[in-house]
Amino acid sequence: MTVIPALTSTPIFTPTATPDPLSIGTPTIPAGVIAVGAYVQITGTDGDGLRLRSAPGITSEQLFLGEDAEVFQVRDGPKEANGYTWWYLVAPYDESRAGWAAANFLSVVPSPQ
């Protein structure tokens, strides 16, 4: 009589994704979503412009008036005040043009660089 040993099972390995070290810490901002790092353009003011303020809220000091189509980079936010969502914006061409603006008059645009 010949004894044939039973087959042994070979473990099945499931591949594990290895994170790309170059992409860690650099999240991608979804298209059309205002977020820190995104670029936004002033829109929908019917030519009246958008007041950029010293702090979130309609009672905060007005620093300057942003013009329709002017582009800014989002540096902070969101903050909620007076029924609006506020973002801290900085002009990419002039760091002194910075302030808080209501999201209702902002639309995301591609980076100007």
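The notes below deal with the structure included here. (Residues numbered from 1 in each chain as written. Predicted model: local features only at pLDDT ≥ 70, side-chain atom pairs only at ≥ 80, totals over all residues. Heavy atoms only, no water.)

## A look at the side chain of Glu-70
Put simply, the rule is: Under the DSSP-based scheme used, a helix requires at least four consecutive residues in state H or I and a strand at least two consecutive residues in state E, with every element numbered from the N terminus. Remark: exposure states derive from per-residue accessible area (1.4 Å probe, protein chains only) relative to the maximum for the residue type, with buried under 20%, exposed over 50%, and partly exposed in between. Distance and chemistry together define a polar contact, namely a pair of N or O atoms within 3.5 Å, with one atom able to donate a hydrogen and the other to accept it when in protein, and with adjacent residues in sequence counting only for side-chain atoms on both sides. In what follows, a contact means two residues having at least one pair of non-hydrogen atoms within 4.5 Å.
Mapped onto the elements of the fold, Glu-70 is located in the loop between strand S3 (62-66) and strand S4 (71-81). Residue classification places Glu-70 among the buried residues on the basis of a relative accessible area of 11%. A distance of 2.3 Å separates polar atoms of two side chains, one belonging to Glu-70 and the other to Tyr-93. Residues in contact with Glu-70, not counting those within four places in the same chain, are Val-40, Gln-41, Ile-42, Tyr-93 and Arg-97.

## Details of the layout of surface pockets
We count it as follows: Definitions used for this entry: grid spacing 1 Å over protein atoms alone; cavity, a set of points where a 1.4 Å probe fits but cannot get out; pocket, an open set with protein on both sides within 12 Å along at least 5 of 7 lines; lining residue, one with an atom within 4 Å of a point. Grid points are joined across faces, edges and corners, and a volume is the space filled by probe spheres set on the points. Three classes are used, and their members are as follows: Ala, Val, Leu, Ile, Met, Phe, Trp, Tyr, Cys and Pro are nonpolar, Asp, Glu, Lys and Arg are charged, and the others, Gly among them, are polar.
By volume, the largest pocket is sized at about 220 Å³. Looking at the largest pocket, the residues that line it are Gly-44, Thr-45, Asp-48, Gly-49, Leu-50, Arg-51, Arg-53, Ile-58, Tyr-84, Trp-86, Ala-102 and Phe-105. Per-element tally for the lining of the largest pocket: the top contributor is strand S2 (residues 50-53), with three residues. For the lining of the largest pocket, the class distribution of residues is six nonpolar, three polar and three charged.

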